Amino acid sequence: PTQTSATISGLLPNTNYQFYLRTNCGNSNFSAWFGPIAFKTKCESVSTFPFNQSFDNATIPDCWSNETVSGTANWTYVTTNGNNTISPRTGARMAEFRTTVTGNKTKLVTPPLNLTTLTNPQLTFYYANVNWVGDIDELRIFYKTSDTGAWVQIGTDYTAEQTSWTQVTLALPNPSATYYIAFEATSNWARGLNLEDVTVNGTLSNNDFNS
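Just so we're clear, the structure is a prediction, and the values are computed from it rather than from any experiment.

## Some thoughts on the overall build of the protein chain
Check the secondary structure of the protein chain and you find zero helices and 15 strands. Taking 17 Å as the expected radius of gyration for a compact globule of 211 residues, we find that the protein chain reaches 21 Å, considerably beyond that expectation. Along the first, second and third principal axes, the C-alpha atoms of the protein chain reach 75 × 50 × 30 Å. Going through the 211 residues of the protein chain one by one, you find that 37% of them count as buried. Long-range contacts, defined as pairs at least 24 residues apart, comprise 74% of the intrachain contacts of the protein chain with a sequence gap of at least 6. Accessible surface for the protein chain amounts to roughly 11,800 Å². Of this, 48% is attributable to carbon and sulfur atoms.

Rendered as structure tokens:
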């Protein structure tokens, strides 16, 4: 057989599915079924704004993802940082990237965002970053305009110590219907890079909307 792909319609977004395969050998003969093969459909783009996330649960928020750059560590969701000097700014928990070795680097990636309904879209977030004997973790912000696009950094390298919640607001360039934002943390074995209260918003581009 030459067909190596198939399209299945009617699937729900962000849903787990399984499928089975078998070979049609001709003359009403078939191979044994192979499977199940599991997969999960992608999330739909967020199109309702403001989009807010405060990381109040013990697990990664729905439709967010970890993208490893180096090492094996993922972001976690905690009630305090490494030396109990930072507590959640709002809610019960906050996002944190902290390891006991240096060099781990992972992006915490938002769901896809449809920014085409907004003019002047912008990102606002709060972060804290406490040193340990001079070692400080690092934060960088990236965006891409499609699932397979290249990451582009915006803002600066946030490598200075912040012993309390610090607000950052960044303009989001090149808005698209499938826009991703990534918070890339690099661990230098400090007290943890903490992230809270992420908001994406802008001005509605359709004058028919009321205030």
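From this point, the narrative continues.
## Things to note about unusual backbone geometry
Geometrically, the link from Gly 35 to Pro 36 is a cis peptide bond, its omega value of 5 degrees lying close to zero. Along the chain, the position of Pro 36 falls in strand β4 (residues 34–40). Across the junction of Phe 49 and Pro 50, the peptide omega takes the value 5 degrees, indicating a cis bond. Here Pro 50 lies in the loop between β4 and β5 (51–53). Residue Cys 63 is not a glycine yet carries a positive backbone phi of 75 degrees. Despite not being glycine, Asn 120 shows a phi value in the positive range, around 55 degrees. The topology assignment puts Asn 120 in strand β10 (residues 118–129).

The rules behind these values
- Residues numbered from 1 in each chain as written.
- Predicted model: local features only at pLDDT ≥ 70, side-chain atom pairs only at ≥ 80, totals over all residues.
- Heavy atoms only, no water.
- Helix = DSSP H or I, 4+ residues; strand = E, 2+ residues; numbered from the N terminus.
- Rg over C-alpha atoms; globule rule 2.2 N^0.38 Å.
- Buried < 20%, exposed > 50% of the residue type's maximum accessible area, 1.4 Å probe, protein only.
- Contact = heavy atoms within 4.5 Å.
- Areas by Shrake-Rupley, 256 points an atom, 1.4 Å probe, with all protein chains shown as cover.

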